[in-house]
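Structural overview for review
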Amino acid sequence: MADDDHPSNPGTQAFTPDFDDDDTGTHSWVPDFSDESDDDAGGAKPVPVATEPEKPAEPAAGQLPETESTGAQVQSVTVPGRYVYLRWWKLLLVVLGVWVAAAEVGLSLFYWWYHTNDKTAAVYVVLVYVVACVVAGVMLAMVQGRPLISALSLGVMSAPFGSVLAAAPLYGYYHCERVGECLAGVIPY
């Protein structure tokens, strides 16, 4: 009785496939979901295997077959003569160019803030300016393979610092105008 258990429950025995049949090919089985059955037993029946697809015509002599296995060379993404890095002087020029434009914005915002009675609008515009510089810098930084655009993103993200550098002497001038004792008219001591 114990010997009868092995075919239904092999336990931990190693699986050995049975290759005794003559047909060792793959058999496809498609379930029959129809409610009608032709025989009394019911259930699904195997469907015949589809024939192999037609082979393409042989290429003419001297021509290679157009398949993926021909080993076609992949073209390089980098273009010859185009730098994939940025020279230091180009980075410096781009950042300084952005900071010159930011200096005008910084001077204008500080002048407006200093001369207005209600400073709420001026402070709000400064906040919008800083947020716009950060968002524009991050958006520019997403561009790949363009080192000048990456340099521009660094310049735009640091533009508020350029604005502060331009507004600082104006602040020193206004402060020295009241105090009276300053070095070179802009640095209080």
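Higher on the page you've got the structure.
What counts, and where the lines are drawn
Residues numbered from 1 in each chain as written. Predicted model: local features only at pLDDT ≥ 70, side-chain atom pairs only at ≥ 80, totals over all residues. Heavy atoms only, no water. Core = buried A, V, L, I, M, F, W, Y, C linked by side-chain atoms within 4.5 Å. Buried < 20%, exposed > 50% of the residue type's maximum accessible area, 1.4 Å probe, protein only. Helix = DSSP H or I, 4+ residues; strand = E, 2+ residues; numbered from the N terminus. Contact = heavy atoms within 4.5 Å. Axes fitted to C-alpha atoms, helices over the stretch in contact; angles between N-to-C directions. Parallel < 35°, antiparallel > 145°, perpendicular 65-115°, else oblique. Left-handed = near helix turned anticlockwise from the far one by under 90°.

Things to note about the nonpolar core
Val98, Ala102, Leu109, Tyr129, Cys133, Val156 and Ala159 together form the largest nonpolar core, which totals 7 residues. At the level of secondary structure, the elements contributing two or more residues to this core comprise helix H2 (88-115) and helix H3 (120-141). Apart from residues no more than four positions distant in its own chain, cysteine 133 is found in contact with Val156, Met157, Ala159 and Pro160.

Re the packing of H3 against helix H4 (residues 147-157)
A pair of packed helices can be characterised by two numbers: the angle between their axes and the separation between those axes. The contact between H3 and H4 brings their axes to 8 Å, and the two run at 165°. Taken together, H3 and H4 sit at an angle that is classed as roughly antiparallel. Viewed along their axes, H3 and H4 form a crossing whose handedness is left-handed. For the pair formed by H3 and H4, the contact residues are Cys133, Val134, Ala136, Gly137, Val138, Leu140 and Ala141 on the first element and Ile149, Leu152, Ser153, Val156 and Met157 on the second.

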